[in-house]
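# A look at the structure
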Amino acid sequence: MTNISITNSKNNVGAYINNIDLKNLDHGKVDEIKKALNKFGVIFIKEQNLDPESYQNFAKFIGQPVVYPRLKGLDEKFPFINVIERKPDDKNLSFGSSWLHQDTSYLADDRPRYTMLMGIEIPNGQGNTIFSSGFNAYEKLPNEIKDKIKDATGIFSSAGPISVTRLEREKEMGIKSSESMEAEHPIVKTVNGKKTLYVSPGHLMKIKNVKEEEADYLKNYLIEHVNKQEFIFSYEWSKGDICLWDNLSILHMASEIKNCKRIMPVSYTHLRAHET
């Protein structure tokens, strides 16, 4: 039996899990995957090519699948799988692009912990997903900034700047989102004993519990900080790849796809952490 191996990705933003078949898992391998996810924040598993049943079964090992409030599910059997399709004649911004974000930060404490993607049809040389490590970004903050934000909270809204990337997807699926949603969360979180930034630039509207005259400065500073190249890894997809990340510690965004002659559907699933 081949042992699982783990390889760090660029800038120590996540890790590749090698020598594994997600269709044939035992509890030991599931535990290793979970440990890697907790340690690195995002994991990459190449060329799995899961059918919806296998994809959903793997998701259930990691967490409890939940319905995403902004998009329709695949069908009645697979309501937790959303397919994001970029058509060749699309002119709008790609769904989830242009702003780093942490999924559903506009929800309260019942928001999903994890997000999972699988690439199905990938345009050559395009369609990367950009990841930023909240762990690494917090670690490199000046102590002065750490002190200023230690008790800070952010107001996160579904009507934040990234919402413009969602509108055409809703239109083509024939759905209309509910009213905008808003939640307040600490800017600094602790995940498995390690501090991380929870900033979500695509949803962050303002920062509270800091000096009023410094609120805008700190918001802009943190947004610029998590976008620094030293915290970024651009993941290049292959068909059937799985990316799985923890929204508490990892920010992400889609890259733009231009003049694409191919379709890029992506299976998109949100997961709540299993209760322990």
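Refer to the structure above for everything that follows.
Quick summary incoming for the structure in this document. (Residues numbered from 1 in each chain as written. Predicted model: local features only at pLDDT ≥ 70, side-chain atom pairs only at ≥ 80, totals over all residues. Heavy atoms only, no water.)

## Section: the pairing of strand β11 (residues 194-197)
The sheet contact formed by strand β10 (residues 188-191) and β11 spans 4 bridges and is antiparallel. Within the sheet, the bridge partner assigned to V191 lies in β11 and is K194. The loop that links β10 with its antiparallel partner β11 comprises 2 residues; one of these, N192, has a positive phi angle of about 50 degrees. (Pairing = 2+ DSSP bridges. Helix = DSSP H or I, 4+ residues; strand = E, 2+ residues; numbered from the N terminus.)

## Focus on the packing of helix α1 (residues 27-40) against helix α2 (residues 52-62)
Packing of α1 against α2 brings their axes to within 10 Å, and their N-to-C directions diverge by 65 degrees. By the angle between their axes, α1 is roughly perpendicular relative to α2. Note that α1 runs across α2; the crossing there is right-handed. Contact residues: V30, I33, K34 and L37 in α1; F58, F61 and I62 in α2. Its residues placed into classes, the contact of α1 with α2 shows 6 nonpolar, no polar and 1 charged. (Axes fitted to C-alpha atoms, helices over the stretch in contact; angles between N-to-C directions. Parallel < 35°, antiparallel > 145°, perpendicular 65-115°, else oblique. Left-handed = near helix turned anticlockwise from the far one by under 90°. Contact = heavy atoms within 4.5 Å. Nonpolar A, V, L, I, M, F, W, Y, C, P; charged D, E, K, R; others polar.)

## As for the packing of aromatic side chains
Aromatic ring pairs are defined here through the distance separating the ring centres and the angle between the ring planes. Counted by the stated rule, this structure contains 11 aromatic pairs. Geometrically, the ring pair formed by F233 and Y235 is edge-to-face, given 6.3 Å between the ring centres and 65 degrees between the ring planes. Taking the relative accessible area as the measure of exposure, Y235 reaches 0% and is therefore buried. Taken together, the ring pairs connect Y16, F44, F131, F233, Y235, W237 and W245 into an aromatic cluster. When the ring centre of Y198 is taken as reference, the NZ or CZ atom of K189 above it lies at 5.2 Å. A cation over an aromatic ring shows up here: K194 above the ring of F135, its NZ or CZ 4.8 Å from the ring centre. (Phe/Tyr/Trp six-rings, centres within 6.5 Å; stacked < 30°, edge-to-face > 60°. Buried < 20%, exposed > 50% of the residue type's maximum accessible area, 1.4 Å probe, protein only. Lys NZ or Arg CZ within 6 Å of the ring centre and 35° of its normal.)

## Brief notes about unusual backbone geometry
A positive phi angle, close to 60 degrees, is found at N12, a residue other than glycine. For N12, the location among the structural elements is in the loop between β1 (5-8) and β2 (15-18). With a phi close to 60 degrees, N19 is a non-glycine residue in the positive phi region. Turning to its location among the elements, N19 is positioned in the loop between β2 and α1. By relative accessible area, which is 44% here, N19 ends up partly exposed.

## Description of the side chain of D246
Counting through the fold element by element, D246 comes out in strand β14 (residues 242-246). Judged by its relative accessible area of 1%, D246 is buried. There is a polar contact of 2.8 Å between the side chain of D246 and the side chain of R113. Within polar-contact distance, the side chain of D246 engages the backbone nitrogen of L248 at 2.9 Å. (Polar contact = N/O pair within 3.5 Å; in protein donor to acceptor, adjacent residues only side chain to side chain.)

## With respect to the sheet that holds strand β12 (residues 204-208)
One key point about sheets: their strands pair by backbone hydrogen bonds, in either a parallel or an antiparallel sense. Strand order in the open sheet formed by 3 strands is β9-β8-β12, and the pairing between neighbours is antiparallel. Bordering the open sheet on either side are β9 (182-186) and β12, each of which pairs with just one other strand. Each strand axis lies, on average, 25 degrees off the axis of its neighbour in the sheet, ignoring direction. In this structure, strand β8 (residues 153-157) lies alongside β12, joined through 4 bridges in antiparallel fashion. Pairing of G154 across the sheet is with I207, part of β12.

Nothing here speaks to function; it is geometry throughout.
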